[in-house]
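# Geometric and topological summary
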Amino acid sequence: CLQNGDTFLHRCVGTNVVAAQVKASRKEETEDGRKSLNAVQVERQEQAERSVLISCHSRTNERKFLKYFSRHGDINKYFFYESYGMYAVVEFASQEGVASLLEGAAIPSIDYESVVPFKSRSFSLRNLGLAESPNQQSGKLCQPQTTIPINELIKKLSKEQSIDQQITSLTEAYQLTEENIRLRFLVCSLLKDIAAAYFPECTIRPFGSSVNGFGKLGCDLDMFLDLDGISGRNMAKSGLSLEYQMKRATSERAVTQSILSVIGECVDQFGPGCVGVQKILNARCPLVRFAHQPSGFQCDLTANNRVAMKSTELLYLYGVLDPRVRCLVFTVRCWARAHGITSSIPGAWITNFSLTVMVLFFLQRRSSPVIPTLDHLKELAGPADKSVIEGNDCTFVSDFSKIQVQSNEETLEQLLCGFFEFYATFPFSRMSINIRKGKEQNKPEMNPLHIQNPFETSLNVSKNVNTTQLERFVALCQESSWLLQQSDTTTPSASSQGDTPVPWGLATLLLPSQVAGIKGRKKKKREPASEMIKSLLESLKNKNPQNNS
Ligand code: GTP
Ligand code: MG
């Protein structure tokens, strides 16, 4: 199946599928240029199909590099980045450029080792026999693929002149860059080439924070192996007709597990740069996890995961409706990470997804709502939007222009304060967070935190969260809400422009917490700043006696 000719043929078939999708997606753009997630995905996938990944020497001369690649075809875009060495992404203007490169590349001959002769679009650029000429620009050329460290962010924010500017600045510093997004789609496309050996009509699409608008540089790459494009003819009503002989399995889940097991094996055995492959097939949502070294991405590959794709689409839509949504989500996610409310390790922590839903719910609960409820988005849906996945109604409007602009004009600062106040006093013990209704509902079960899954409504997306973690979240909301009411926090310090500006505003909220007794904090506690914080601490202690360790 992995013979070179076949692989190339598969790639061409896949490209035709994408080309047809590009055509169909053109109309999915509103007059003001906002595109549906589907349209964005199709356009990016098509770009990725024309792109290649090059491992190169850190002193590669950019001019020679360009000259070499231009010989194979016109180049639309290229960029360099670092990840366990220096890499470049080159996007050709057409498929012919990639074909020419594949044609002209050599198979490595390595002493004492052998290679799997799978020709992928990941190459190494060799410069044999010629001395590398130092490229003075190479350091500057590299596009960052990770965020700035938190202490640098705090410094950066402290130089801003308003909390609104700080929130915008944080969003700009953390959000995915154009190059990082291209790299994400390219990795999906490279993996598609592997999966296409078995399923030529498949696509691999990113979902989750890589595409929902809330992704931070360095976030994982969630991918979905989409086999829906595989189609056959309908059976003829009479006379002779053919049907495929296909292997049968006991359930959809069993099919998903077997496909992921085989593709996972191929990724492990044949995928250049794919390391640490783990098949986690018994999870609620089976997946293959691995690291893609050339991009530095931690990858999760799933299949048959359409509901997650729908929730990605919904989050994307909310982010596009009002720019304040993304800013607030970035800020709250960053704040939560700085205080260890969220973690990269699975456990009883609140996840980024749950936190995002909490922000959306808060924005629906303003006296003048910033965003509409999911039920309202469902009412606006047209016949083409109808979507029922495994019995779950996932219908909501896809045409942004049908959604009325809300009249709320609060500033980002007001909304951030509002968020902390809202959750500092939310009746978590009795009520559930529900973005479908945009209103808290009675809790159907006794987990400390209940956030209704927007599409699989009988499920709780925060089932994993324990009492300690919820209490830490509430205590930090109380503290941040209090801090944002203090004039010395909310006024830029006079010396805000120096090398070590005094933290103020949002920067203060990212500093280690002053709330005593919050479990899990190893940092030295600082003296309470004033009588008011003392009384705040007292109230927290009385509320959470078990936290006073
Ligand atoms: P980060 O990776 O933390 O940046 O955020 P993420 O939104 O990508 O979260 P994650 O990688 O954990 O999950 C990827 C996507 O799967 C999310 O965006 C959701 O669409 C979906 N998802 C994650 N957790 C849940 C859950 O508990 N329930 C449901 N229904 N979907 C989830
Ligand atoms: Mg993710």
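In this report, we go over the structure that sits alongside the text.

Thresholds, definitions, all that
- Residues numbered from 1 in each chain as written.
- Chains lettered and ligands numbered in written order.
- Predicted model: local features only at pLDDT ≥ 70, side-chain atom pairs only at ≥ 80, totals over all residues.
- Heavy atoms only, no water.
- Helix = DSSP H or I, 4+ residues; strand = E, 2+ residues; numbered from the N terminus.
- Buried < 20%, exposed > 50% of the residue type's maximum accessible area, 1.4 Å probe, protein only.
- Contact = heavy atoms within 4.5 Å.
- Areas by Shrake-Rupley, 256 points an atom, 1.4 Å probe, with all protein chains shown as cover.
- Pairing = 2+ DSSP bridges.
- Axes fitted to C-alpha atoms, helices over the stretch in contact; angles between N-to-C directions.
- Near = heavy atom within 4 Å.
- Polar contact = N/O pair within 3.5 Å; in protein donor to acceptor, adjacent residues only side chain to side chain.
- Core = buried A, V, L, I, M, F, W, Y, C linked by side-chain atoms within 4.5 Å.
- Parallel < 35°, antiparallel > 145°, perpendicular 65-115°, else oblique.
- Nonpolar A, V, L, I, M, F, W, Y, C, P; charged D, E, K, R; others polar.
- Expected span 1.5 Å × (residues − 1).
- Patch = residues over 30% accessible without salt bridge, like charges linked within 9 Å, V, L, I, M, F, W, Y side chains within 5 Å.
- Salt bridge = Lys/Arg side-chain N within 4 Å of Asp/Glu carboxyl O.

This next bit is on the overall build of the protein chain. Within the protein chain, the secondary structure is distributed over 18 helices and 13 strands. By the burial criterion, 48% of the 549 residues in the protein chain qualify as buried. At a minimum sequence separation of 6, the contacts of the protein chain that also span at least 24 residues come to 67%. Carbon and sulfur atoms form 51% of the exposed surface of the protein chain, whose accessible area is close to 27300 Å².

Taken in spatial order, the four strands make up an open sheet running β2-β3-β1-β4, and their pairing is mixed. If you trace the sheet from one side to the other, it starts and ends with β2 (75-82) and β4 (122-124), each paired once. With direction set aside, neighbouring strand axes in the sheet form an average angle of 25°. Note that strand β1 (residues 51-56) and β4 share three bridges and pair parallel. Across the sheet, Ser55 pairs through a bridge with Ser124, a residue of β4. Its contacts with the sheet put helix α3 (residues 62-70) on β1, β2 and β3 (86-92), and the angle it makes with β2 is roughly 135°.

Take the site of ligand 1 next. Surveying the vicinity of ligand 1 reveals 16 residues, the closest of which are Ser209, Asp220, Asp222, Asn352 and Asn453. At 2.8 Å, a side-chain N or O of Ser209 approaches an oxygen atom of ligand 1. Within the contact set of ligand 1, an oxygen atom lies 2.9 Å away from a side-chain nitrogen or oxygen of Asn352. When ligand 1 is considered free in solution it has 600 Å² of accessible area, and contact with the protein chains removes 77% of it. Listing elements by their share of the shell around ligand 1, those giving two or more residues are α10 (306-321) and α12 (352-364).

Ranked by internal contacts, the top residues of the largest apolar core, which has 84 residues, are Trp335, Tyr423, Phe428 and Phe473. Setting aside residues up to four positions removed in sequence, Trp335 forms contacts with Ile341, Phe420, Phe473, Leu476, Cys477, Ser480, Leu509 and Leu510. Counting residues in each nonpolar core, the second largest holds 32 residues, with Tyr81, Val89, Leu260 and Cys266 among its members.

Take the packing of helix α7 (residues 163-174) against helix α11 (residues 323-338) next. At a closest axis distance of 9 Å, the pairing of α7 and α11 adopts a crossing angle of 80°. As summarised for this structure, α7 and α11 are arranged roughly perpendicular, according to the angle between their axes. Across the interface between the two elements, Ile167, Leu170, Thr171 and Tyr174 of α7 pack against Cys327, Phe330, Thr331 and Cys334 of α11. Tallied by class, residues from the contact of α7 with α11 come to six nonpolar, two polar and no charged.

Bringing the packing of helix α2 (residues 37-49) against α10 into the picture now. In the contact formed by α2 and α10, the axes pass within 10 Å of each other and the chain directions differ by 105°. In terms of their interaxial angle, α2 and α10 are classed as roughly perpendicular. Residues Leu37, Val40 and Gln41 of α2 form the contact with α10, whose participating residues are Met309, Thr312, Glu313 and Tyr316. Here the residues of the contact of α2 with α10 sort into four nonpolar, two polar and one charged.

Attention now goes to helix α14 (residues 412-424). With 13 residues, α14 extends 18 Å from end C-alpha to end C-alpha; this agrees with the ideal 18 Å at 1.5 Å per step. Counting buried residues in α14 gives 10 out of 13 residues, a clear majority hidden from the surface. Restricting attention to buried positions, one finds in α14 the residues Leu412, Leu415, Leu416, Cys417, Gly418, Phe419, Phe420, Phe422, Tyr423 and Ala424. Tucked into the core, α14 has its buried residues touching α7, α11, α12, α15 (467-483) and α17 (506-510).

So, on to the environment of Lys402. Here Lys402 lies in the loop between β11 (392-393) and α14. Along the backbone, Lys402 and Leu380 are 22 residues apart, and their C-alpha atoms lie at a distance of 7.0 Å.

Moving on, we get to a nonpolar patch on the surface. Residues Ile107, Ile110 and Val115 make up a contiguous nonpolar surface patch of roughly 240 Å² in combined accessible area. Relative to the helices and strands, Ile107 resides in the loop between α4 (95-104) and β4.

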